[in-house]
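Topology and contacts: notes
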Amino acid sequence: MADQELNSKKQEHEQGHENDRLSDQADGKQKQSKVKRSLFRKIVNVFIGIFLGLILFTLIVLGYTQTKTFRETLREKVITLVN
């Protein structure tokens, strides 16, 4: 009786692996049928990335200019230039 239960569990386990393998193959076929992006779309995405990068850089610079460290450094440079 215990042998039959073990055999049935082994078969279920093997069938589960077979289903996983088949679903992986199906996923691979779906990835191959993916439509490639046009050159225009790639160029637009590059410009969007550059624009977002510039906005992020601007926010970081604006944040840094509000710190006491930046203001002290700027004040020291201005004083040395004036003298």
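Residues numbered from 1 in each chain as written. Predicted model: local features only at pLDDT ≥ 70, side-chain atom pairs only at ≥ 80, totals over all residues. Heavy atoms only, no water.

A tally of helices and strands in the chain yields three helices and zero strands. The buried share of the chain, reckoned over its 83 residues, is 0%. Accessible surface for the chain amounts to roughly 8,300 Å². Of this, 62% is attributable to carbon and sulfur atoms. (Helix = DSSP H or I, 4+ residues; strand = E, 2+ residues; numbered from the N terminus. Buried < 20%, exposed > 50% of the residue type's maximum accessible area, 1.4 Å probe, protein only. Areas by Shrake-Rupley, 256 points an atom, 1.4 Å probe, with all protein chains shown as cover.)

Moving on, we get to the packing of aromatic side chains. The final tally for this structure, using the stated rule, is one aromatic pair. For the pair Tyr-64 and Phe-70, a centre-to-centre distance of 5.5 Å together with 65 degrees between the ring planes defines the contact as edge-to-face. (Phe/Tyr/Trp six-rings, centres within 6.5 Å; stacked < 30°, edge-to-face > 60°.)

Bringing the confidence of the model for the chain into the picture now. Taken as a whole, the chain shows an average pLDDT of 81; of its residues, 61% reach a score of 70 or greater. When pLDDT is averaged over each helix and strand of the chain, the minimum, 61, is found for helix α1 (residues 2–32) and the maximum, 97, for helix α2 (residues 39–65). (pLDDT = per-residue confidence, 0-100.)

Taken together, the side chains of Lys-34, Lys-36, Arg-37, Arg-41 and Lys-42 make up a positively charged region of the molecular surface. Locating Arg-41 in the fold gives a position in helix α2. (Patch = residues over 30% accessible without salt bridge, like charges linked within 9 Å, V, L, I, M, F, W, Y side chains within 5 Å. Salt bridge = Lys/Arg side-chain N within 4 Å of Asp/Glu carboxyl O. Lys, Arg positive; Asp, Glu negative; His and termini not counted. Charge placed at Lys NZ, Arg CZ, Asp CG, Glu CD.)

Before going further, it helps to examine a nonpolar patch on the surface. A cluster of nonpolar side chains, namely Leu-39, Ile-43, Val-46, Phe-47, Ile-50 and Leu-54, defines an oily patch on the protein surface of about 620 Å² accessible area. Mapped onto the secondary structure, Ile-43 falls in helix α2. The exposure class of Ile-43 is partly exposed, given its relative accessible area of 39%.

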